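Take a look at the letters that make up each chain.
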Amino acid sequence: MKHFDQRVAVITGAAAGFGKAFADMGAQLGMKLVLADIQGEALDAVVADFNARGVQAIGLRTDVSRSEQVQALADAAMARFGRVDLLFNNAGVGAGGLVWENSEQDWDWVLGVNLHSVIHGVRIFTPLMLAAAAQDPGYEGHIVNTASMSGLLNAPAMGVYSVSKHAVVSLSETLHHDLGLVTEQVRCSVLCPYFVATGFQLSNTAPPTRSQQIAQAQSGKAVGSAKVSAAQIAQLTFDAIRDQSFYIYSHPEAMAPVQARFEAIMNRRNPGDPFAGTGVTGGRQKLIDALRG
Ligand SMILES: NC(=O)c1ccc[n+]([C@@H]2O[C@H](COP(=O)([O-])OP(=O)(O)OC[C@H]3O[C@@H](n4cnc5c(N)ncnc54)[C@H](O)[C@@H]3O)[C@@H](O)[C@H]2O)c1
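Let me begin by describing the structure that accompanies this report. Computed from a predicted structure; not experimentally measured. (Residues numbered from 1 in each chain as written. Predicted model: local features only at pLDDT ≥ 70, side-chain atom pairs only at ≥ 80, totals over all residues. Heavy atoms only, no water.)

1. Overview of the pattern of salt bridges
Stated formally: Should a side-chain nitrogen of Lys or Arg be within 4 Å of a carboxyl oxygen of Asp or Glu, the pair is scored as a salt bridge. Burial classes: relative accessible area under 20% of the type maximum marks a residue as buried, over 50% as exposed, and values in between as partly exposed (1.4 Å probe, protein chains only).
Per the stated rule, a full pass over the model turns up six salt bridges. Measuring nitrogen to oxygen at the nearest pair gives 3.1 Å for the salt bridge that ties Asp49 to Arg53. Asp49 sits in the partly exposed class, given a relative accessible area of 36%. Arg66 is the salt-bridge partner of Glu68, the closest N and O atoms lying 2.6 Å from each other. For Glu68, a relative accessible area of 42% corresponds to the partly exposed category. On the accessibility criterion, Arg66 (39% relative accessible area) is partly exposed.

2. Thoughts on the site of the ligand
Put simply, the rule is: Note on terminology: near, applied to a residue and a molecule or strand, indicates that one of the residue's heavy atoms is within 4 Å of it. For the purposes of these results, a polar contact is taken to be a pair of N or O atoms within 3.5 Å, where, inside protein, one atom must be able to donate a hydrogen and its partner to accept one; residues adjacent in sequence count only when each atom of the pair is a side-chain atom. Residue exposure ignores everything except the shown protein chains as possible cover, and the areas themselves are Shrake-Rupley values with a 1.4 Å probe. Secondary structure follows DSSP: runs of H or I at least 4 residues long count as helices, runs of E at least 2 residues long count as strands, and numbering of each begins at the N terminus. Ten residue types, Ala, Val, Leu, Ile, Met, Phe, Trp, Tyr, Cys and Pro, are classed as nonpolar, four, Asp, Glu, Lys and Arg, as charged, and the remainder, Gly among them, as polar.
Around the ligand, the surrounding shell holds 28 residues, and the nearest of these are Asp37, Gln39, Tyr161, Val196 and Thr198. In the model, an oxygen atom of the ligand is placed 2.8 Å from a nitrogen or oxygen of the Asn90 main chain. Contact with the protein chains hides 94% of the accessible area of the ligand, taken as 830 Å² for the molecule alone. Among the elements of the structure, helix H1 (17–28) and helix H5 (159–182) are those that each provide at least two residues to the shell around the ligand. When its residues are assigned to classes, the shell around the ligand shows 15 nonpolar, ten polar and three charged.

3. Thoughts on helix H9 (residues 283–292)
Our working rule: The arc in question is traced by the directions running from the helix axis to the C-beta atoms. Note on contacts: a residue pair qualifies if any of its non-hydrogen atoms lie within 4.5 Å across the two residues.
Every buried residue of H9 is accounted for by Gly283, Leu287 and Ile288. One side of H9 holds all its buried residues, which, seen down the axis, span an arc of 140 degrees. Residues of H9 that are buried make contact with helix H6 (210–224).

4. Considering the sheet that holds strand S4 (residues 86–89)
Rules: Should DSSP find at least two bridges between two strands, the strands are regarded as paired. Whenever a helix is involved, its axis is fitted only over the stretch in contact; in every case the axis is a line through C-alpha atoms, and angles between N-to-C directions fall within 0 to 180 degrees.
Across the sheet, seven strands lie side by side as S3-S2-S1-S4-S5-S6-S7; this open sheet has parallel pairing. One side of each edge strand has no neighbouring strand; the edge strands of this open sheet are strand S3 (57–61) and strand S7 (247–249). On average, adjacent strands in this sheet sit at an angle of 15 degrees to one another, irrespective of strand direction. Note that strand S5 (residues 141–146) and strand S6 (residues 186–192) share six bridges and pair parallel. Bridge pairing links Asn145 to Val190 in S6. Relative to the sheet, H5 contacts S5, S6 and S7, its axis offset from that of S6 by approximately 160 degrees.

5. What about the environment of His142?
When you line up the elements, His142 lands in strand S5. The buried category is assigned to His142, whose relative accessible area is 0%. Each C-alpha atom, one on His142 and one on Arg187, is 4.7 Å from the other, the two residues being 45 residues apart in sequence. The residues contacting His142, other than those within four sequence positions of it, are Met1, Asp85, Leu86, Leu87, Met129, Arg187, Cys188, Ser189 and Ile241.

Printed below as a string of structure tokens:
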């Protein structure tokens, strides 16, 4: 996708973090915005701010895990602007802790927000984009699914989150292949950031166990002290959209354990330390010390 001015971006999780940064960058490029978030008041404030600056933006309080609410989002976008050019399936949550301690509600919540939202977004928005492409040879559409490095690595005490993000990478790769069967005009990317400074927090649906508290603290520290900003993620992502790049990575140092993981798979070695070489050294040992200490 090369043209953004007057095009329409739909962004989930737009009240904060990456979603807000995508909206800021879209607005700078002259896009019209359809913003969704479960936090209605925060979303209203973001939309009011854009409107005050002359940006054409609407907001819809949306729980992206609910298919009828994602459908309502698509309906609202079409009713207001008559087209959707760029979709960010971005809203996400996380639960941590030893994988056998995660409740059924943790699984339902995280898979609902992180995976089912993307399933709904792809199922509901892709046909709108394909119909626009069929009508107009100049139409360019793009879908960005926010996964994580947790979609390529399996850190300890992050199982629910990693399962959800691996599934988003899988769905996105399949979407890439399937779109390629039918069109050149609609593309997709998968965003796999490492730790980025946002308000993102692991939490659990019941009072946390000790392992969950430790995972929350460790992840909170990594996110809180991250050197990469949401604005940088937005820049990388829009660059990838322009370049038609599928994989979007934020931290080159996080690629070493990805390579090691695939080499272990190829060579039938047991999984190694997923933090090795990332700068989060000692991450695994700190968990062991905290759990056994
Ligand atoms: N920050 C990081 O280090 C990091 C790293 C890798 C991936 N990610 C992923 O990036 C995405 C954005 O996270 P962020 O860092 O901006 O976090 P954030 O918590 O700052 O923003 C997430 C937004 O999603 C919204 N949201 C949560 N549940 C929702 C629901 N059911 N329906 C609609 N909106 C909902 C929240 O209200 C919030 O505004 C997530 O998918 C996250 O998993 C973040």
